Amino acid sequence: MAVASTLILWPFFGLGITGLMVSTFLTLVIVLHELGHMAAYRAFATPRSR
Amino acid sequence: MIFIPFLGGIAIGGRPYNSLFEVATCALMGPGMSAFLVPILIAGREASHLGLLPHLLEGPLLVFLLILGGFNLLNLLPTYRFDGGQVLRQVFVTKKALVGASFAVTSAILCVGWIIGAPNNALLAGLAVFTLLSLIGAGSVKPKEKLEPMGGAERMLVGFGLYSAVAMHSYAIIYAAAALF
């Protein structure tokens with residue numbers, strides 16, 4: 001899924017090595033951001049929830 | 001984790017919330033976790049600038065820093081669905097304070113755009129798009145019972161967290177843009 005996202009974004013930054021780098025970085029940034037959310041979800045894994 | 005092309009991704013927690021502190025912290029930890037990387041990336045760039053790391057790394061490090069700061073700072077905009085809006089709504093309980101804080105965060109982010117020399121028209125157009133996005137907001141899943149409210153200390157803590165996240169990502173963008181352009 002991450003690879004697909006990178007490839008979809010690639011043409012928008014130019015179909016060169018720089019474009020691929022930028023789209024890979026963008027995907028990586030999204031992954032880091034979502035990992036942050038997931039780490040917080042895990043940290044709050046309390047038995048009580050509403 | 002689900003990727004949505006052009007909009008980013010969605011983290012699936014799989015567990016409902018118990019308190020408003022959880023809602024605010026989980027929203028804040030997206031940009032917060034990335035903020036940990038900002039000083040490390042800047043140190044890496046400085047090291048490659050000084051020759052302690054290969055010079056070739058300097059460009060990619062700056063580009064990564066710019067994208068990291070840009071994506072996270074836009075996520076901190078006080079828009080209903082975005083992390084910034086989620087956090088602000090939990091921290092500021094009165095309407096007046098919420099409006100004031102939203103304007104403060106938005107102007108800080110606009111200022112960053114202005115400092116790095118983004119064209120005024122682009123900034124205004126971007127702001128208009130985000131305002132429209134925030135209008136779609138309403139309607140969300142409501143918990144069965146009311147979530148535990150936050151105390152004053154928790155609200156202050158999350159508020160400072162938001163402040164530092166905005167400050168660090170703003171600095172990341174300004175630093176990277178000044179070195180790149």
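About the cut-offs
- Residues numbered from 1 in each chain as written.
- Chains lettered and ligands numbered in written order.
- Predicted model: local features only at pLDDT ≥ 70, side-chain atom pairs only at ≥ 80, totals over all residues.
- Heavy atoms only, no water.
- Helix = DSSP H or I, 4+ residues; strand = E, 2+ residues; numbered from the N terminus.
- Rg over C-alpha atoms; globule rule 2.2 N^0.38 Å.
- Buried < 20%, exposed > 50% of the residue type's maximum accessible area, 1.4 Å probe, protein only.
- Areas by Shrake-Rupley, 256 points an atom, 1.4 Å probe, with all protein chains shown as cover.
- pLDDT = per-residue confidence, 0-100.
- Contact = heavy atoms within 4.5 Å.
- Buried area = accessible area lost by both parts, 1.4 Å probe.
- Salt bridge = Lys/Arg side-chain N within 4 Å of Asp/Glu carboxyl O.
- Nonpolar A, V, L, I, M, F, W, Y, C, P; charged D, E, K, R; others polar.
- 1 Å grid on protein atoms, 1.4 Å probe; cavity = no way out; pocket = protein on both sides within 12 Å on 5 of 7 lines; lining within 4 Å.
- Points joined across faces, edges and corners; volume = space filled by probe spheres on them.
- Axes fitted to C-alpha atoms, helices over the stretch in contact; angles between N-to-C directions.
- Parallel < 35°, antiparallel > 145°, perpendicular 65-115°, else oblique.
- Left-handed = near helix turned anticlockwise from the far one by under 90°.
- Core = buried A, V, L, I, M, F, W, Y, C linked by side-chain atoms within 4.5 Å.

On to the overall build of chain A. The helix and strand tally for chain A stands at 2 helices and 0 strands. Compactness check: chain A gives a C-alpha radius of gyration of 16 Å against a globular reference of 10 Å for 50 residues, more than 25% above the reference. Dimensions of chain A, computed from C-alpha atoms along their principal axes, come out at roughly 50 × 15 × 15 Å. Looking at the 50 residues of chain A, the share that counts as buried comes to 34%. When the accessible area of chain A is evaluated, it comes to approximately 2900 Å², of which 75% is carbon and sulfur surface.

Further remarks concern the confidence of the model for chain B. Counting all residues, the mean pLDDT for chain B is 89, and 91% of those residues have values of 70 or more. Across the interfaces of the predicted complex, the ipTM metric reaches 0.87, alongside a pTM of 0.90.

All right, on to the environment of B:Gly59 then. By the secondary structure assignment, B:Gly59 is in helix 2 (residues 58-75). Taking relative accessible area as the criterion, B:Gly59 reaches 32% and is therefore assigned partly exposed.

Residue-level contacts link 32 residues of chain A with 40 residues of chain B. Between chain A and chain B, a total of about 3300 Å² is buried, with carbon and sulfur atoms accounting for 75% of that surface. At the junction of chain A with chain B, the criterion picks out 0 salt bridges. Every element with two or more residues in the side of chain A that touches chain B is listed here: helix 1 (2-9) and helix 2 (17-43) of chain A. It is helix 2 of chain A that contributes the most residues to the side of chain A that touches chain B, 19 residues altogether. For the side of chain A that touches chain B, the residue count by class is 22 nonpolar, 7 polar and 3 charged.

Here the focus is the layout of surface pockets. All names here are of chain B. Computed from the structure, the second largest pocket encloses a volume of approximately 570 Å³. Around the second largest pocket, the lining comprises 19 residues; the ones closest to its centre are Pro78, Thr79, Leu98, Ser102 and Ser134. Those elements giving two or more residues to the lining of the second largest pocket turn out to be helix 3 (83-91), helix 4 (95-115) and helix 5 (120-136). Along the lines of polarity and charge, the residues of the lining of the second largest pocket split into 10 nonpolar, 7 polar and 2 charged.

What follows covers the environment of A:Leu7. Positionally, A:Leu7 belongs in helix 1. For the pair formed by A:Leu7 and A:Ser23, sequence separation is 16 residues and the distance between their alpha carbons is 7.6 Å.

Let's shift gears to the packing of helix 1 of chain A against helix 2 of chain A. If you want to describe how two helices pack, look at the angle between their axes and the distance between the axes. All names here are of chain A. The interhelical angle for the contact between helix 1 and helix 2, taken along N-to-C directions, is 135°, at an axis separation of 8 Å. In this view, helix 1 runs oblique relative to helix 2, as classed from their interaxial angle. Here helix 1 runs over helix 2; the crossing is right-handed. Counting all contacts with helix 1, which are made through Ala2, Ser5, Thr6 and Leu9, the residues of helix 2 involved are Leu20, Ser23, Thr24, Leu26 and Thr27. Its residues assigned to classes, the contact of helix 1 with helix 2 shows 4 nonpolar, 5 polar and no charged.

Looking now at the nonpolar core. All names here are of chain B. Judged by nonpolar contacts, the single largest core of 25 residues is most densely connected at Leu73, Val87, Val158 and Leu162. Among the elements of the structure, helix 1 (20-50), helix 3, helix 4 and helix 6 (152-180) are those that each provide at least two residues to this core. Those residues in contact with Leu73, other than ones at most four positions away along the chain, are Ile109, Val112, Val166, His169, Ser170 and Ile173.

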